[in-house]
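Descriptive structure summary
In case you want the letters, here they are:
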Amino acid sequence: MELPVNLEHHSYKISIKTNSLSQIGNWLANLWHKRKLAIITDDTVNALYGSIVKTSLIEAGFETELFSVTPGEASKSLTTASLLYEQLAEFGMTRSDGVVILGGGVVGDLGGFVASTYMRGLSFVQVPTTLLAQVDSSVGGKTAVNTEVAKNLVGTFAQPDGVLIDPQTLQTLNSRQISEGIAEIVKSAAIADMSLWSKLEQLDNKEALVSEAEVIVHACCQIKARVVEEDEFDNGNRLILNFGHTIGHAIENQAGYGEITHGEAVSIGMVQLSKVAEKKGLIASGVTASLREMLTKFDLPIEWPDLNREQLYGALTHDKKTRGSQLKLILVPTIGQAVIHQLPITEMKEFLEITK
Ligand SMILES: NC(=O)c1ccc[n+]([C@@H]2O[C@H](COP(=O)([O-])OP(=O)(O)OC[C@H]3O[C@@H](n4cnc5c(N)ncnc54)[C@H](O)[C@@H]3O)[C@@H](O)[C@H]2O)c1
Ligand SMILES: O=C(O)C(=O)C[C@@H](O)[C@H](O)[C@H](O)COP(=O)(O)O
Ligand SMILES: [Zn+2]
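Not measured: the values here are computed from a predicted model.

**Things to note about the confidence of the model for the chain**
Looking at the chain as a whole, the pLDDT averages 97, with 99% of positions reaching at least 70. Interface confidence in the predicted complex, given as ipTM, is 0.99; pTM for the same model is 0.98.

In structure tokens, the structure reads:
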């Protein structure tokens, strides 16, 4: 299956095909000529898929080197980015060369950030290997690293030249990693696609979902491509992709990056936000219960973790949907639709249930 992402200055295709990873050399040879390639990955993905990818690229005629970082959210940092800049320079990467980003959303965001800033920008492709990365992070061109102050505080908008998705790689993920990806699938359905929501309702558990991965990944990429095509730079309707993220990112930051995964934090964020929104009459009654039921079916957390709410509030003031003292909060008034609700950022204390 192939899906186009049609953008004003940088269109590209998402290819979704089981067992395509070993054919990456041919796929890239059709996209790029005469490139020196740097694969950016993490140690776990390297051990599983590094040599398949590197061999295929070398066989296709590319001079290829692989750079691997420590797995986990803590690597999405300026420190790791600096190390990668040095490694790319040592390998002699120039602006006619390209970066192949192989792994989950962490190397996707980090590698995209490094590729788009090294020498003011190299071409790159995304080869996502987690469910989360296949349904969300590999598409749309948001790159970032975290800082102590806030999640994804520093980043770029930089689109890949292509996305190669091999759903077969999902077979080596553990149960928690599958759930984490499902949080973004539930988000995508909740904000924009009632028929995907109905499909998710029919699935008994995550094993059933993984067995239909190709169809579900395609549906999510289609939603994301449609939203990004309309608003590439996140000034309008793209903000709806951030449902659950205002609270979610604050949780990730305050728990310590990687302690609560991105998907888990977004799951909690969607439910806790909707709970208060429902009480305030901002969304239809029953939305929160539907989200709770769906997310718990897929083993995702939905209750507040034991974190200081005032500190959570401090962390969420750095949300990129703020403009001055106003925040654009994403609400789901009924399943399948999203709205942008502007409010003074201080009102988020109500959503965090901070008692005066
Ligand atoms: N740019 C975007 O639009 C966007 C969208 C959603 C999330 N994100 C970001 O994505 C990140 C989360 O991504 P993630 O959940 O993929 O985390 P991740 O990249 O840390 O991957 C999770 C774990 O799975 C391992 N792994 C990866 N592929 C594997 C495979 N096939 N088999 C076995 N293990 C494998 C990794 O080594 C890692 O330990 C967060 O930083 C989040 O902010 C970005
Ligand atoms: O692509 C987008 O736009 C999203 O918001 C997708 C989110 O799932 C993703 O987590 C994104 O990285 C969040 O972006 P941010 O702008 O809130 O840092
Ligand atoms: Zn997300």
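**With respect to unusual backbone geometry**
Its identity is not glycine, yet N152 carries a phi of approximately 50°, on the positive side. Mapping N152 onto the fold places it in the loop between β7 (142-145) and β8 (154-157). Residue D234 is not a glycine yet carries a positive backbone phi of 65°. Among the structural elements, D234 can be located in the loop between α9 (213-230) and α10 (245-255). Note on D234: 18 C-beta atoms within 10 Å, which makes it partly exposed.

**A look at the nonpolar core**
Ranked by internal contacts, the top residues of the largest apolar core, which has 103 residues, are I40, I101, L102, I182, V186 and V332. Ranked by residue count, the leading element in this core is α9, at 10 residues. When residues of this core are assigned to domains, at least three fall in each of domain 1 (2-172) and domain 2 (175-351). Once residues lying within four places of it in the same chain are set aside, the contact partners of V332 are A190, I191, F243, S274, I283, V287, Q337 and A338.

**Observations concerning the site of ligand 1**
Around ligand 1 sit 30 residues in total, of which T44, G104, G105, T130 and S137 are the nearest. Partitioning the shell around ligand 1 into residue classes produces 8 nonpolar, 14 polar and 8 charged. The residue makeup of the shell around ligand 1 includes at least three contributed by each of domain 1 (2-172) and domain 2 (175-351).

**Description of the pairing of strand β4 (residues 63-69)**
Of the strand pairs in this sheet, strand β3 (residues 36-42) and β4 are connected by 7 bridges, and their pairing is parallel. Within β4, the residue paired with A38 across the bridge is E65. In terms of handedness, the path from β3 via helix α2 (residues 43-59) over to β4 forms a crossover that is right-handed.

**Notes on the UniProt feature "binding site: Zn(2+)" (unreviewed entry) in the chain**
Sites flagged by UniProt as "binding site: Zn(2+)" (unreviewed entry) map to E184, H245 and H262. In sequence the annotated residues extend across 79 residues, while in space they remain close, none of their C-alpha pairs exceeding 10.3 Å. Within the element layout of this structure, H245 appears in helix α10. In contact with H245, other than residues within four places in its own chain, are V266 and G269.

**Remarks on the environment of V287**
You can see V287 is positioned in helix α12 (residues 287-297). Owing to 22 C-beta atoms within 10 Å, V287 belongs among the buried residues under this scheme. Contact partners of V287, with chain neighbours within four places excluded, come to S274, E278, V332, T334 and I335.

Reading the values: rules and limits
Residues numbered from 1 in each chain as written. Chains lettered and ligands numbered in written order. Predicted model: local features only at pLDDT ≥ 70, side-chain atom pairs only at ≥ 80, totals over all residues. pLDDT = per-residue confidence, 0-100. Helix = DSSP H or I, 4+ residues; strand = E, 2+ residues; numbered from the N terminus. Buried ≥ 20, exposed ≤ 12 C-beta atoms within 10 Å, placed from the backbone. Core = buried A, V, L, I, M, F, W, Y, C linked by C-beta atoms within 7 Å. Domains from an automatic or database assignment. Contact = placed C-beta atoms within 7 Å. Near = placed C-beta within 6 Å. Nonpolar A, V, L, I, M, F, W, Y, C, P; charged D, E, K, R; others polar. Pairing = 2+ DSSP bridges. Right-handed = clockwise from strand over helix to strand, strands pointing away. UniProt positions renumbered as here; feature names shortened; annotations may be inferred.

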